[in-house]
Amino acid sequence: MALREYVASLNYFYLSHPALWELDFDPAGFVWVDADRADENLISYRRRSASGEELIVVISFSGSDLPEYRLPLEGPGRYEVVFFSGDWSERYGKEFAAEEADGRYYVPLYVPARTAL
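Thresholds applied
Residues numbered from 1 in each chain as written. Predicted model: local features only at pLDDT ≥ 70, side-chain atom pairs only at ≥ 80, totals over all residues. Heavy atoms only, no water. Pairing = 2+ DSSP bridges. Helix = DSSP H or I, 4+ residues; strand = E, 2+ residues; numbered from the N terminus. Axes fitted to C-alpha atoms, helices over the stretch in contact; angles between N-to-C directions. Buried < 20%, exposed > 50% of the residue type's maximum accessible area, 1.4 Å probe, protein only.

Draft legend 1. Broad picture of the pairing of strand β8 (residues 104-111). Where strand β4 (residues 66-73) and β8 come together, six bridges link them in antiparallel fashion. Counted as the bridge partner of Leu66 is Val111 from β8. Here three bridges tie strand β7 (residues 99-101) to β8, and the two strands are oriented antiparallel to one another. Across the sheet, Glu99 pairs through a bridge with Tyr106, a residue of β8. Counting the residues between successive antiparallel strands, the hairpin from β7 to β8 contains two residues, one of them, Asp102, with a positive phi of roughly 55°.

Draft legend 2. Spatial organisation of the sheet that holds β8. Read from one edge of the open sheet, three strands run β4-β8-β7, paired in antiparallel fashion. A single partner strand is all that each edge strand has here, and the edge strands are β4 and β7. The average angle at which neighbouring strand axes cross in this sheet is 45°, direction not considered.

Draft legend 3. Inspection of the pairing of strand β2 (residues 42-48) at higher detail. Judged by how many residues are buried, β2 sits mostly within the fold: five of seven residues are covered. Direction of pairing for strand β1 (residues 30-37) relative to β2: antiparallel, over a ladder of five bridges. Across the sheet, Arg37 pairs through a bridge with Leu42, a residue of β2.

Below, the structure written as structure tokens:
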């Protein structure tokens, strides 16, 4: 039952966010954010819709938590986790502000093992 409910909520989220599917065959719909983390089994990318909606996806294939992952960003701003594949708790936080270090922006994230957010 839990798996069916999870898949239903995932499908609803997918259909509700055109950034995930609208520009599948257009290079403007996809940009790697951080694809060079093979040693940590982690990828992140940005999806965009024709109307300008943007979602950043972070996926951990690792069997270990990544407690201090720094997600690189294009600039300052506030970010919110809108979907999480794991067991959510207050420990992970849902809203983040971009921080600046060495002239670059990033969001500090706690990424649990084998999750997507």
